[in-house]
Amino acid sequence: MATVVVTGTQWGDEGKGKIVDYLAQQADVVVRFQGGSNAGHTVTVDGEEYKLRLMPSGILYKGSLCVVGNGVAFDPMIMLEEMDGLAARGIDLSGIRISNRAHVVLPYHRLMDGIGDEARGKGKIGTTKRGIGPCYMDRDNRIGIRVCDLIDKEEFAKRLKENLALKNKELKALYDHEPLDYDEILKEYEGYADRLRPYVCDTIALLNEEVAAGKKILFEGAQATMLDIDYGTYPYVTASHPISGGVAVGAGVAPKKIDKVVGIVKAYCTRVGEGPFPTEQLNAIGDKIREEGHEYGVVTKRPRRTGWLDACVVRYAGLISGIDYMAVTRLDILDSFDEIKMCVGYKYKGELLKEIPASLKVLAQVEPVYETFPGWKTSITKCRSYEELPEKAKAYLTRMAEVTGIALGIVSVGPNRDETIVVAKDIF
Ligand code: GDP
Ligand code: IMO
Ligand code: MG
């Protein structure tokens with residue numbers, strides 16, 4: 001298979017970075033197609049950790065192309081920070097390609113994300129404050145500034161002037177905030193443009209050429225299904241489409257060109273930010289998951305909310321994204337649990353629900369129906385084949401595949417590259 005999409009099936013932080021890096025061993029190109037620096041993807045190689053935000057997780061392989069697609073909310077400041085950090089660690093950056101159509105995150109986006117979300121008071125989303133929502137708002141309002149404008153000195157100066165006049169009016173009227181300085185932003189962004197210009201190209205043409213040449217392409221989703229703007233727990237969602245369909249709009253590669261979809265499933269559930277989370281454990285179990293799993297955000301350092309695996313959510317993700325295989329990550333985090341639960345259905349007012357309810361009012365009130373599994377109570381980090389896994393771990397995985405209707409493709413038993421068990425040999 002030549003084109004594979006990796007997508008998160010829960011609320012993010014499933015371990016997409018780890019699996020993308022693993023699969024990228026065989027890929028020629030790795031592509032981000034949505035989201036922006038709200039993502040925090042961790043890749044660990046020989047115990048060395050790399051935290052990537054805008055950079056595709058294929059960057060650690062010399063010679064692979066790493067594409068930031070047109071659907072990404074592109075923050076040049078963060079991109080350059082990442083590039084400098086990676087270069088200092090000896091990573092080759094020559095494979096980076098940035099779409100000339102990606103929308104640029106500007107200082108007023110970050111600022112308005114922060115104060116705008118706080119202004120919602122109790123109804124706040126708990127965004128990452130990276131300006132992602134406001135950047136996409138400008139795109140949809142048709143006033144956004146794109147990378148092709150950023151690298152055109154005259155055009156950028158003009159577009160920034162128009163936009164900043166509007167944003168300063170909004171800042172004053174809505175939040176009584178002092179205006180941002182035009183010259184300062186102009187100078188800052190001209191500096192970014194000069195450094196990034198060599199990496200900018202038409203990534204749509206590039207990717208379609210690579211597809212036509214039969215190259216192996218990995219599309220790296222950020223966030224996840226339950227954070228998708230249309231399919232997630234709206235309004236507690238991000239502003240893009242992390243589902244596999246997001247590839248068509250965010251990379252310009254047609255749906256019929258996608259061969260396989262891999263859904264990343266954390267062996268339990270976490271969520272950062274506000275919004276319903278039916279299997280959340282606000283108790284000693286939840287605390288144990290957080291401590292065993294070091295569940296603290298990469299981007300914002302917030303403690304993640306924790307709970308049992310919700311197989312209803314994964315099944316839903318499977319339907320929407322057409323997931324062929326699950327990659328189950330962090331199974332090792334459950335090593336020391338006496339028993340493990342999996343939500344296999346929801347009850348609402350005594351009735352079993354067949355679908356994920358659209359209404360948050362309903363979702364907040366559903367009662368998870370759990371099945372309980374005995375823990376395996378042994379370390380699985382050294383297991384390198386499915387056969388080596390304890391029977392009790394296999395029983396948990398088998399049931400997961402049954403309830404979700406998705407075949408098991410990969411089991412991850414640790415953050416490192418080699419701590420990976422490949423069950424399906426035909427992913428690429
Ligand atoms: P992403 O946003 O989906 O890429 O996930 P994050 O990087 O935010 O969070 C996943 C965390 O789990 C990272 O610290 C990874 O290094 C780590 N990780 C990934 N797979 C495994 C695994 O199988 N076991 C353990 N213990 N850690 C893992
Ligand atoms: P990765 O790619 C987990 C959450 C935020 C907030 C909501 C909206 O690492 O899995 P935003 O800043 O996007 O407007 O915030 O979405 N969120 C994530 N949660 N992992 C992520 O990315 C996330 N990106 C955004 O916490 O609830
Ligand atoms: Mg993350």
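Parameters and conventions
- Residues numbered from 1 in each chain as written.
- Chains lettered and ligands numbered in written order.
- Predicted model: local features only at pLDDT ≥ 70, side-chain atom pairs only at ≥ 80, totals over all residues.
- Heavy atoms only, no water.
- Near = heavy atom within 4 Å.
- Polar contact = N/O pair within 3.5 Å; in protein donor to acceptor, adjacent residues only side chain to side chain.
- Areas by Shrake-Rupley, 256 points an atom, 1.4 Å probe, with all protein chains shown as cover.
- Nonpolar A, V, L, I, M, F, W, Y, C, P; charged D, E, K, R; others polar.
- Helix = DSSP H or I, 4+ residues; strand = E, 2+ residues; numbered from the N terminus.
- Buried < 20%, exposed > 50% of the residue type's maximum accessible area, 1.4 Å probe, protein only.
- Core = buried A, V, L, I, M, F, W, Y, C linked by side-chain atoms within 4.5 Å.
- Contact = heavy atoms within 4.5 Å.
- Donors = N, O, S within 2.8 Å, 3.2 Å for Na, K, Ca; no water.
- Phe/Tyr/Trp six-rings, centres within 6.5 Å; stacked < 30°, edge-to-face > 60°.
- Axes fitted to C-alpha atoms, helices over the stretch in contact; angles between N-to-C directions.
- Parallel < 35°, antiparallel > 145°, perpendicular 65-115°, else oblique.
- Left-handed = near helix turned anticlockwise from the far one by under 90°.
- Pairing = 2+ DSSP bridges.

Caption draft 1: Spatial organisation of the site of ligand 1. Taken together, 20 residues sit near ligand 1, with Lys16, Thr42, Arg330, Asp332 and Ser412 positioned nearest. For ligand 1, an oxygen atom lies 2.8 Å from a polar atom in the backbone of Gly17. Contacts to ligand 1 include Gly40, whose backbone N or O atom sits 2.9 Å from an oxygen atom. For ligand 1, the accessible surface in isolation is 590 Å², of which the surrounding protein chains cover 93%. Partitioned by chemical class, the residues of the shell around ligand 1 number 4 nonpolar, 9 polar and 7 charged.

Caption draft 2: Structural context of unusual backbone geometry. Here Tyr234 and Pro235 are connected by a cis peptide whose omega angle stands at 5 degrees. Residue placement: Pro235 occurs in the loop between strand E10 (217–220) and helix H9 (246–251). The backbone phi angle of Lys129 is positive, close to 65 degrees, even though this residue is not glycine. Relative to the elements of secondary structure, Lys129 occurs in the loop between helix H3 (107–119) and helix H4 (132–140). For Arg142, which is not a glycine, the phi torsion comes out positive at approximately 60 degrees. Within the secondary structure layout, Arg142 lies in the loop between H4 and helix H5 (147–150). Exposure remark for Arg142: the relative accessible area of 72% places this residue in the exposed category.

Caption draft 3: Inspection of the nonpolar core at higher detail. Within the largest apolar cluster, 49 residues are counted, with the highest numbers of intra-cluster contacts made by Phe219, Leu331, Tyr396 and Met400. With 5 residues, helix H13 (residues 391–404) is the largest single contributor of residues to this core. With residues up to four places along the chain from it excluded, the contact list for Leu331 reads Ala267, Trp376, Ile380, Ala393, Tyr396, Leu397, Val411 and Ser412.

Caption draft 4: Expanded view of the coordination of the magnesium ion (ligand 3). Looking at the magnesium ion (ligand 3), one finds its protein donor set to be Asp13 (OD) and Gly40 (O), positioned 2.1 to 2.2 Å from the metal centre. On the criterion of sequence distance, the pair formed by Asp13 in the loop between strand E1 (3–8) and helix H1 (16–23) and Gly40 in the loop between strand E2 (29–32) and strand E3 (41–45) is long-range, its members being 27 residues apart. Overall, the relative accessible area of 23% leaves Asp13 in the partly exposed class. Taking relative accessible area as the criterion, Gly40 reaches 12% and is therefore assigned buried.

Caption draft 5: Spatial organisation of the packing of aromatic side chains. Applying the stated criterion across every chain yields a total of 6 aromatic pairs. Residues Phe156 and Tyr189 carry aromatic rings whose centres are separated by 6.1 Å and whose planes lie at 15 degrees to one another, so their mutual orientation is stacked. Separated by 33 residues along the polypeptide, Phe156 in helix H6 (residues 153–175) and Tyr189 in helix H7 (residues 182–196) bring together distant segments of the chain. The same class applies to Phe156 and to Tyr189, which are both buried. Ring centres 5.4 Å apart and planes at 75 degrees place the aromatic pair Phe373 and Tyr396 in the edge-to-face group. In this pair, Phe373 is assigned in strand E18 (residues 367–374) and Tyr396 in helix H13, connecting sequence segments 23 residues apart. The buried category is assigned to Phe373, whose relative accessible area is 11%. Residue classification places Tyr396 among the buried positions, given a relative accessible area of 0%. One aromatic cluster is present, built from ring pairs that chain together Phe156, Tyr189 and Tyr192.

Caption draft 6: Expanded view of the packing of H3 against H6. At a closest axis distance of 12 Å, the pairing of H3 and H6 adopts a crossing angle of 20 degrees. For the element pair H3 / H6, the angle class is roughly parallel. Considering the relative orientation of H3 and H6, their crossing is left-handed. Contact residues: H3 offers Tyr108, Leu111, Met112, Ile115, Gly116 and Ala119, while H6 offers Leu160, Asn163, Leu164, Lys167, Glu170, Leu171 and Tyr175. Considering only residue class, the contact of H3 with H6 consists of 9 nonpolar, 2 polar and 2 charged.

Caption draft 7: Up close: the packing of H3 against H4. Where H3 meets H4, the closest approach of the two axes is 7 Å, and the angle between their N-to-C directions is 120 degrees. Relative to H4, H3 is oriented oblique. Crossing geometry of H3 relative to H4 is assigned as right-handed. For the pair H3 and H4, contact is made by Tyr108, His109, Met112 and Asp113 and by Ile132, Pro134, Cys135 and Asp138, respectively. Class assignment of the residues belonging to the contact of H3 with H4 gives a composition of 5 nonpolar, 1 polar and 2 charged.

Caption draft 8: Quick look at helix H11 (residues 311–321). Taken residue by residue, H11 has Ala311, Cys312, Val313, Val314, Ala317, Gly318 and Ser321 as its buried positions. Each element contacted by the buried residues of H11 is listed here: E1, strand E11 (260–266), strand E14 (309–310), strand E15 (325–329), strand E16 (339–348) and H13. Near the N-terminus of H11, the side chain that reaches the backbone nitrogen of Cys312, with its oxygen 3.0 Å away, is that of Asp310. Of the residues one or two after H11, Gly322 is the one with positive phi, at around 60 degrees.

Caption draft 9: Quick peek at the sheet that holds E11. The strand order across the open sheet formed by 10 strands is E9-E7-E5-E2-E10-E1-E11-E15-E19-E20, and the pairing between neighbours is mixed. Unpaired on one side and paired on the other, strand E9 (200–201) and strand E20 (420–422) mark the two borders of the sheet. Together, E1, E2, E10, E11, E15, strand E19 (407–412) and E20 form the strand contacts of H1, whose direction differs from that of E1 by roughly 165 degrees.

Caption draft 10: Representation of the side chain of Thr238 in the model. Summarising the element assignment, Thr238 is placed in the loop between E10 and H9. In this structure Thr238 comes out as buried when scored by relative accessible area, which is 12%. For Thr238, the side chain forms a polar contact with the side chain of Asn38, separated by 3.3 Å. Sequence-distant contacts of Thr238, defined by excluding residues within four places in its chain, comprise Asn38, Ile132, Gln223, Leu227 and Ile229.

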